[in-house]
Amino acid sequence: MRAIRALIPALALLAACSGPAPASRAQQNVDLPAPRQVPPDLATMKMSFSPVVHRAAPAVVNVFSKRVVRQQLDPFWGMFAGGMTREAVQQSLGSGSIVRSDGVILTNHHNIEGATEIMVVTADRRQWPARVLLDDPRADLAVLKIDTKGEALPTIAIDDRDRPQVGDLVLAIGDPFGVGQTVTNGIVSALARSDVGISDYSSFIQTDAAINPGNSGGPLVDMSGDLIGVNTAIVSGSGTSSGVGFAIPAAMAKQVVAAALAGDRQVNRPWLGAKTQALTGEMAARLGLAAPQGVIVTNVWPGAPAARAGIAQGDVIVTVDGQGVDDNAALNYLVATRGVGESLQLAVRRNGGPVRAVTVRAEAPPGLPAPDARTIAGRNPLAGASVVNVSPASAAQYGVDPFEGHGVVVVRVENGYAQQIGLQPGDFIRSVNGHPTDTTAQLQAVLAAGSGSWSLAIQRGGRLITAQFTG
């Protein structure tokens, strides 16, 4: 069975990097990419990749992280304070790219998720403690910072100006299996892969350059030595390279880096306020369309940008700024990589009619009610669950569907009884012991009033689940 695996070896050991010593550069801002250079003839293509590697490799680093996890030894006793648990240290090894000479580093979120300690090893084998400037789980990207004490480190430019083309030569640079810095070459084999289920904003560059566990967060490099993608995942039954790797495009990477450099703790992405689903052949035929191209609008948030632009339920969005959208992930990516306040040009069909142009102004999702995030503790079946009040903004931040309705939603489940009963992120807590739980404050109050017996009503994917717990 085909499996998608993140590129971090479990419990990997930190390995020394090999590569040329970095040259000092006085640059203080993020590099601008060099003009795109396409090999003019076959003879040029057969020449060495050494000049490209010489430019890019000194800016590639290893990212080594540790995290402490609490392992529950007994599911029953774990629900009580002081239950039977033990701590264990997990280690992981990935890669990253220096994108600013004062030590700003781009990597994958999954390389540093839950880390209590992060170390960066530069190409000259020096080790640097790192801190997180911005962590973006939904895009699977993170921006780190090391203290260079005024030293200018070599950098790699993020090239989001020229879209890569299928057939372009590329290099993947990183530290697979912890053996030291390695370079592999291949081509771009596909673009805009949005159906691989890796992150919420999916429009991946697919490459056949060999990337393996440990390459996560490292750059996918073009023939100018610029970063055009962040290597993130592979399709593999064994966890090793099989010629199908995926990289997050430079446009998304640059957006996350820009937010981090602006001092933001999260990326402020726009939304349309429309819920959509991919067209099937049967749906297209029913709508009088020749082919299932586009996504159909199933709901529109009142007063949202889509509603004000005249988009209605049943409309089919075919393109965004001239780029085709065939599923929700593609639409989300194209919208998410635009800036708040920008205008988007949509091509829309209604009732099988001709395509019409619609201009939508991208806006930040509204943030009311306030999230009021809380982590449930104590002697109850929800212990270990983190919950927030639902708004379009909090839904966007935590990757849940605001169209499921208002109320309290689970955004994270850590070690605790909530994990044992199978609670999942995205679950809505509708009531406890018959009392509605419209806010996190109400939920906590109702749980505190419990006397050892709880009746929960949980909404998951449109279904209402009820369950009884005692303890």
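Residues numbered from 1 in each chain as written. Predicted model: local features only at pLDDT ≥ 70, side-chain atom pairs only at ≥ 80, totals over all residues. Heavy atoms only, no water.

### Brief notes about the pattern of salt bridges
According to the stated counting rule, one finds 16 salt bridges in the structure shown. The shortest N-O distance in the salt bridge between Arg-308 and Glu-363 comes to 2.3 Å. Of the two residues, Arg-308 is situated in helix H6 (residues 305-308) and Glu-363 in the loop between strand S19 (356-361) and strand S20 (374-375); the sequence distance between them amounts to 55 residues. Arg-308 sits in the exposed class, given a relative accessible area of 51%. In this structure, a network of salt bridges that share partners links the residues Asp-124, Arg-126 and Glu-151. (Salt bridge = Lys/Arg side-chain N within 4 Å of Asp/Glu carboxyl O. Helix = DSSP H or I, 4+ residues; strand = E, 2+ residues; numbered from the N terminus. Buried < 20%, exposed > 50% of the residue type's maximum accessible area, 1.4 Å probe, protein only.)

### A closer look at the packing of aromatic side chains
This model, assessed by the stated rule, comprises three aromatic pairs. Considering the side-chain rings of Trp-271 and Trp-301, the 5.8 Å spacing of their centres and the 65 degrees angle between planes classify their relative orientation as edge-to-face. Remark: Trp-301 occurs in the loop between strand S15 (295-300) and H6 and Trp-271 occurs in the loop between helix H4 (250-261) and strand S14 (274-278); sequence separation between them is 30 residues. Trp-271 gets classed as buried once you look at its relative accessible area, which sits at 13%. (Phe/Tyr/Trp six-rings, centres within 6.5 Å; stacked < 30°, edge-to-face > 60°.)

### Section: unusual backbone geometry
In this structure, Pro-369 follows Leu-368 across a cis peptide bond, with omega equal to 0 degrees. Tracing the sequence through the fold places Pro-369 in the loop between S19 and S20. Despite not being glycine, Asp-140 has its phi angle at roughly 55 degrees, a positive value. With respect to the helices, strands and loops of the structure, Asp-140 is situated in the loop between strand S6 (127-136) and strand S7 (141-146). Look at Asp-140 and you get buried, because its relative accessible area is 7%. Its identity is not glycine, yet Asp-321 carries a phi of approximately 50 degrees, on the positive side. The topology assignment puts Asp-321 in the loop between strand S16 (316-320) and strand S17 (323-324).

### Remarks on the side chain of Gln-255
Mapping Gln-255 onto the fold places it in helix H4. Note on Gln-255: relative accessible area 17%, which makes it buried.

### Notes on the layout of surface pockets
Approximately 310 Å³ is the volume found for the second largest pocket. Every residue lining the second largest pocket is counted, 19 residues in all, and those nearest its centre are Arg-163, Pro-164, Pro-249, Ala-251 and Tyr-333. Taken together, the elements giving at least two residues each to the lining of the second largest pocket come down to strand S9 (182-193), H4 and helix H7 (328-336). (1 Å grid on protein atoms, 1.4 Å probe; cavity = no way out; pocket = protein on both sides within 12 Å on 5 of 7 lines; lining within 4 Å. Points joined across faces, edges and corners; volume = space filled by probe spheres on them.)

### Observations concerning the environment of Phe-49
Looking at the element boundaries, Phe-49 is found in the loop between helix H1 (42-45) and helix H2 (50-56). Between the alpha carbons of Phe-49 and Val-183 there is a distance of 9.7 Å; along the sequence they are 134 residues apart. The residues touching Phe-49, leaving out its near neighbours within four places in the chain, are Leu-169, Leu-171, Asn-185 and Met-223. (Contact = heavy atoms within 4.5 Å.)

### Structural notes on the pairing of S15
Inspection of the sheet shows S14 paired to S15 by five bridges, in the antiparallel sense. Note on S15: the bridge partner recorded for Lys-275 is Asn-299. (Pairing = 2+ DSSP bridges.)

Treat this as a map of the structure, not an account of what it does.
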